[in-house]
Amino acid sequence: MVDGEDVSYEPVSVKDVLAEMKDTAELLIDLSYSAVLLSSDEIAEEVLALEERMDVLHLQARMSLLMAARNPEDAEALAPVLGMVGAAEKISDAAGDIAKVVLEDIGLPAAMRATLPEAVETLVRTTVSPDSAYAGETLGGLNLETATGVRIIAIRREGEWLLNPTAETTLRTDDVLLARGPEDGIAAMYAATTGKEYEPPSPPESDIDDLERAVDSIVLMKNMSELAVDLAYGAVLFDSEAVAEEVLELEAEVDALQSRFEAWTLRAAGRVEDPVRLRGLVHLARSTEVISDAALEISEGVLRGLGTHPVVAAAVEESDEVIVRERVAEGSTIAGSTLGDLEVKTETGMRIIAVRRPSDQPTGKHRTDWELSPGPETGIEGGDVLIAKGTRGGAERLAALTGG
């Protein structure tokens, strides 16, 4: 419950609530880890605000589903939907726990930011000032991502959240922007919106041996958990047992990473004067494992052969960030190229999260057919199936590119 706020039953669209829960859960994962890795109280506070919104959505969805189940057949059909609702709530709670590591100073090395891999982009919260040149402009008109590499991932306006804004979204004075991108691009965007100079965090040097490897592990667990959530929704949308089994294997890999990370933390505790300040690392590992478990719950109905309820598929299709599956046509002009050559993200705005290749492997060996989290060097051939995530406009551009 949200700070004593009453939530009573009222007719709502389960599809719309599920779509908002999906978008909110995915944003919460990104923001919570960014809050930790950037040691940002401001971003952590945004996580808790979104967690409160998720609490309301969770109750609304549960009440609507209970009202809809009138017989055993309804209960069986709606059980996977209820599982998806509960899983999104678990992701929200785990993200809130990660944010509290920052806000409540639950023991975290101050030097974590200094050990971040260069590939990790900066995330910042900024407010559009009245005299900002951005006020009244659309994101498409500003062309931020092309000009600076910065993407606005969410906007809070008068207490309401706009997730994954589009090129048509107009910025207003006092909008709170959550932006991600390279540090020099973030600095330019921050100055343009606030009129102030961006000051990146400058943490002290680490006194913990091998902290960089620990941070690399955190980033890897975060990326794998996030991929598991993406693939789980993809499994539901496409009613694909093969994709759902990939989620199962990713969850097992995150479990193994968590075990190794906790072992590293315990060994490190014996080498520092104040081991209590490493307590937050244990919280991070545990919360990450909860997120991967939640991803498995999302796809559990598919794994158990219950299929996908139409309302769930519709919700995933109509969420702000869509997941699509496109087959590369035989003889396509892109066959024989790499994702880097094609500049898929730049040209379409879509992020390729998995590639499935044609294979004659026997049943049960589908994992060799998949490449998860493909990179710029990944080659694309005719017959390959791309699973991608992004905007609806980007999905149309990807379909044209693949010739599907």
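In this text the structure is predicted, and so the values were computed from the model without any measurement. (Residues numbered from 1 in each chain as written. Predicted model: local features only at pLDDT ≥ 70, side-chain atom pairs only at ≥ 80, totals over all residues. Heavy atoms only, no water.)

**Q** Even after reading the chapter, I still don't get the packing of aromatic side chains, so can you show me in this structure?
**A** Each aromatic ring pair is characterised by the separation of its centres together with the angle its planes make. As enumerated under the stated definition, the model contains 2 aromatic pairs in all. Each ring, one from Phe 261 and one from Trp 264, has its centre 6.2 Å from the other, and the planes form 15 degrees; the classification is stacked. Within this pair, Phe 261 and its partner Trp 264 are both found in helix 8 (residues 241-269), separated by 3 residues, close to a single helical turn. We classify Phe 261 as buried; its relative accessible area is 2%. Classification of Trp 264 by relative accessible area gives buried; the value is 5%. (Phe/Tyr/Trp six-rings, centres within 6.5 Å; stacked < 30°, edge-to-face > 60°. Helix = DSSP H or I, 4+ residues; strand = E, 2+ residues; numbered from the N terminus. Buried < 20%, exposed > 50% of the residue type's maximum accessible area, 1.4 Å probe, protein only.)

**Q** Could you clarify how one ought to interpret the pairing of strand 10 (residues 385-390) in this entry?
**A** In regular strands, side chains alternate between the two faces of the sheet. With respect to burial, strand 10 is a largely interior element, 6 of its 6 residues being buried. In strand 10, alternate side chains face the same way, and those of Val 385, Ile 387 and Lys 389 on one face and Leu 386, Ala 388 and Gly 390 on the other are all buried. Summarising the sheet, strand 5 (residues 322-327) and strand 10 pair through 6 bridges and their orientation is antiparallel. Each bridged residue has a counterpart across the sheet, and for Arg 327 the counterpart in strand 10 is Val 385. Alignment of strand 7 (residues 351-356) against strand 10, held across 5 bridges, turns out to be antiparallel. Counted as the bridge partner of Arg 356 is Val 385 from strand 10. (Pairing = 2+ DSSP bridges.)

**Q** What exactly am I supposed to notice about the confidence of the model for the chain here?
**A** One rule of thumb: low pLDDT means the predicted coordinates there are not for detailed reading. Model confidence for the chain is summarised by a mean pLDDT of 80, while 87% of its residues fall at 70 or above. The element-level mean pLDDT for the chain is lowest in strand 8 (residues 370-372), coming to 71, with helix 9 (residues 279-298) highest at 90. Residue range residues 361-368 is modelled with pLDDT below 50. Its contacts to residues more than four positions away, or to other chains, number 9 contacts. (pLDDT = per-residue confidence, 0-100. Contact = heavy atoms within 4.5 Å.)

**Q** Whenever I open this one, the side chain of Ser 337 confuses me. Can you help?
**A** Of note, Ser 337 is situated in strand 6 (residues 337-338). Those residues in contact with Ser 337 that sit more than four places away from it in its chain are Leu 342, Thr 378, Gly 379 and Ile 380.

**Q** Looking at this structure, I do not really get the sheet that holds strand 3 (residues 160-163). What am I missing?
**A** Sheet strands associate in pairs through backbone hydrogen bonding, adopting either a parallel or an antiparallel arrangement. With respect to topology, 4 strands assemble into an open sheet ordered 1-4-2-3, the strand pairing being antiparallel. Only two strands of the sheet have a single neighbouring strand rather than two, namely strand 1 (122-127) and strand 3. The mean inter-strand angle of the sheet, taken between neighbouring strand axes irrespective of direction, is 20 degrees. Note that strand 2 (residues 151-157) and strand 4 (residues 176-181) share 5 bridges and pair antiparallel. Looking across to strand 4, one finds that Arg 151 is bridged to Arg 180. Where helix 1 (residues 14-37) meets the sheet, its contacts fall on strand 1, strand 2, strand 3 and strand 4, and the angle it forms with strand 2 comes to roughly 105 degrees. The sheet strands contacting helix 6 (residues 183-194) are strand 1 and strand 4, and the helix crosses strand 1 at an angle near 5 degrees. (Axes fitted to C-alpha atoms, helices over the stretch in contact; angles between N-to-C directions.)

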